[in-house]
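# Structure assessment
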Amino acid sequence: MTDYELIALTGPTASGKTSRAVSLARRIGGEIISADSRQVYRGMDIGTGKDLGEYGEIPYHLIDITPAGYKYNLYEYLRDATAAIDEVEHRGNLPIICGGTGLYLQSLISGLRMPEVPENKELRAELVGKTLDELTVILSSMKKLHNVTDVDTVKRAIRAIEIQRYYAEHPEAAGGTTGADPRRALIVGVDIPREARRVRIEQRLRARLEEGMVDEVRGLLDSGITPDDLIYYGLEYKFLTLYLQGKLSREDMFDNLLIAIHQFAKRQMTWFRGMERHGFKIHWLPFDMPEEEFNDSVINLLGK
């Protein structure tokens, strides 16, 4: 038996997390719970790298659970992931949290609990018409901006301000976000050198474009999802939407998207290093380690 209640398998984009998690789940009798902020959306398949064909008979959770165009958030993720962990444990299986959204992963492992922040229609009316720069200044006056995801778009910035206003008006709710017990998690990171990561990112982007990623985004737009709602999701959905709107040439779309993905991978690694500085032990294993050797290493770390 192991003292751990779950495994968290993470790493930067294009490191091969999914195939590792599936192989490990098959070996130890696990079920996979996604920690990817975009794989929750139905119809956003190629751009988010769901790779559902890899799962085979392995059960997975928190993928395709909400429609594209919706704004899924951390509160909902913690609620849904907790329910999924309970289900997996009830079946006697080991939950394997797999994904590269550091905020989701760290919040879940640390036992974070959050109140649901309701929509503030009066505040939203006050903020309508303000530029992204103006909203960024407002949000910066309310909290320290640790990353730029809150101010990627006007809609995100308004929601972030809405949340901070709620916490200011309900300090008991803000104070209650950190009180839960941390989970006993074995955190395994897929370690990939920077240059190998860059090569894999470009290869994967070219492959996804060949697989029909442009048609995927065009189909989402044709289904009634607004361009702003797709741009909200960033990366592939942002730049392909701009391309389909005629605001970027195909060459500029590819070049800008490639740069953005490389920057995203760097931010992921910065987040993981921050986790380590805050006491989270991440056991890094080489991305090119043979499959069985990788699984053996994780099992040894589990102490099974």
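Structural notes, computed from the coordinates. Just so we're clear, the structure is a prediction, and the values are computed from it rather than from any experiment.

Positive phi, close to 65°, is recorded for Leu62, a residue that is not glycine. Structurally, the position occupied by Leu62 is in the loop between β4 (60-61) and β5 (66-67). Classification of Leu62 as buried rests on a relative accessible area of 8%. Unlike most non-glycine residues, Asp64 shows phi in positive territory, near 60°. Mapped onto the secondary structure, Asp64 falls in the loop between β4 and β5. The exposure class of Asp64 is partly exposed, given its relative accessible area of 27%.

With that settled, the discussion passes to helix α9 (residues 213-222). For α9, every residue scored as buried is listed here: Met213, Val214, Glu216, Val217 and Leu220. Within α9, the buried residues cover an arc of 160° as seen down the axis, which keeps them to one side. Exposed and oriented more than 90 degrees from the buried face of α9 are Asp215 and Asp222. Looking at the buried residues of α9, the elements they touch are α8 (194-211), α10 (227-231), α11 (235-244) and α12 (250-277). At the C-terminal side of α9, Gly224 shows a positive phi close to 110°.

Quick look at helix α3 (residues 102-109) now. Two residues of an α-helix separated by three or four positions point the same way, owing to the 3.6 residues in each turn. The element α3 is extensively covered by neighbouring structure, given that 6 of its 8 residues are classed as buried. Three or more residues of α3 are buried, namely Gly102, Tyr104, Leu105, Ser107, Leu108 and Ile109. On its buried face, α3 is in contact with β1 (6-10), α2 (74-90), β6 (94-98), β7 (185-191) and α12. Positioned one or two residues after α3, Gly111 has a phi angle of 80°, which is positive.

This next bit is on the sheet that holds strand β8 (residues 282-286). One open sheet accounts for 6 strands, arranged β4-β2-β6-β1-β7-β8; its pairing is parallel. Each edge of the open sheet is held by one strand with a lone partner, namely β4 and β8. Bridge count between strand β2 (residues 30-34) and β4: 2 bridges; the pairing is parallel. Counterpart to Ile33 in the pairing with β4 is His61. Contacting β1, β6 and β7, α3 runs over the sheet at an angle of about 160° to β1. The strands touched by helix α13 (residues 291-302) within the sheet are β1, β6, β7 and β8, with β7 carrying the most contacts at an inclination of about 150°.

On the secondary structure map, Arg20 appears in helix α1 (residues 17-28). This buried residue, Arg20, is left without a salt bridge; Glu291 holds the nearest opposite charge, at 6.1 Å. When residues no more than four places from it in sequence are discounted, the contact partners of Arg20 are Leu9, Val190, Pro286, Phe287, Asp288, Met289, Pro290, Glu291, Phe294 and Asn295.

Below, the discussion takes up the pattern of salt bridges. Working definition: two side chains of opposite charge can pair if their charged atoms are close together. All chains considered together, the criterion is met by 18 salt bridges. The partner of Lys155 in a salt bridge is Asp229, and the shortest N-O contact between them spans 2.7 Å. Residue Lys155 is located in helix α6 (residues 154-169), and its partner Asp229 is located in helix α10; the two are separated by 74 residues in the primary sequence. We note a salt bridge from Arg159 to Glu162, for which the minimum N-O separation is 2.6 Å. With Arg159 and Glu162 both in helix α6, this residue pair falls 3 residues apart, about one helical turn. Assessed through its relative accessible area of 23%, Arg159 is described here as partly exposed. Owing to a relative accessible area of 2%, Glu162 belongs among the buried residues under this scheme. Connected through shared salt-bridge partners, Glu119, Arg124, Arg159 and Glu162 make up one network.

What counts and how
Residues numbered from 1 in each chain as written. Predicted model: local features only at pLDDT ≥ 70, side-chain atom pairs only at ≥ 80, totals over all residues. Heavy atoms only, no water. Helix = DSSP H or I, 4+ residues; strand = E, 2+ residues; numbered from the N terminus. Buried < 20%, exposed > 50% of the residue type's maximum accessible area, 1.4 Å probe, protein only. Arc of directions from axis to C-beta. Contact = heavy atoms within 4.5 Å. Pairing = 2+ DSSP bridges. Axes fitted to C-alpha atoms, helices over the stretch in contact; angles between N-to-C directions. Lys, Arg positive; Asp, Glu negative; His and termini not counted. Salt bridge = Lys/Arg side-chain N within 4 Å of Asp/Glu carboxyl O.

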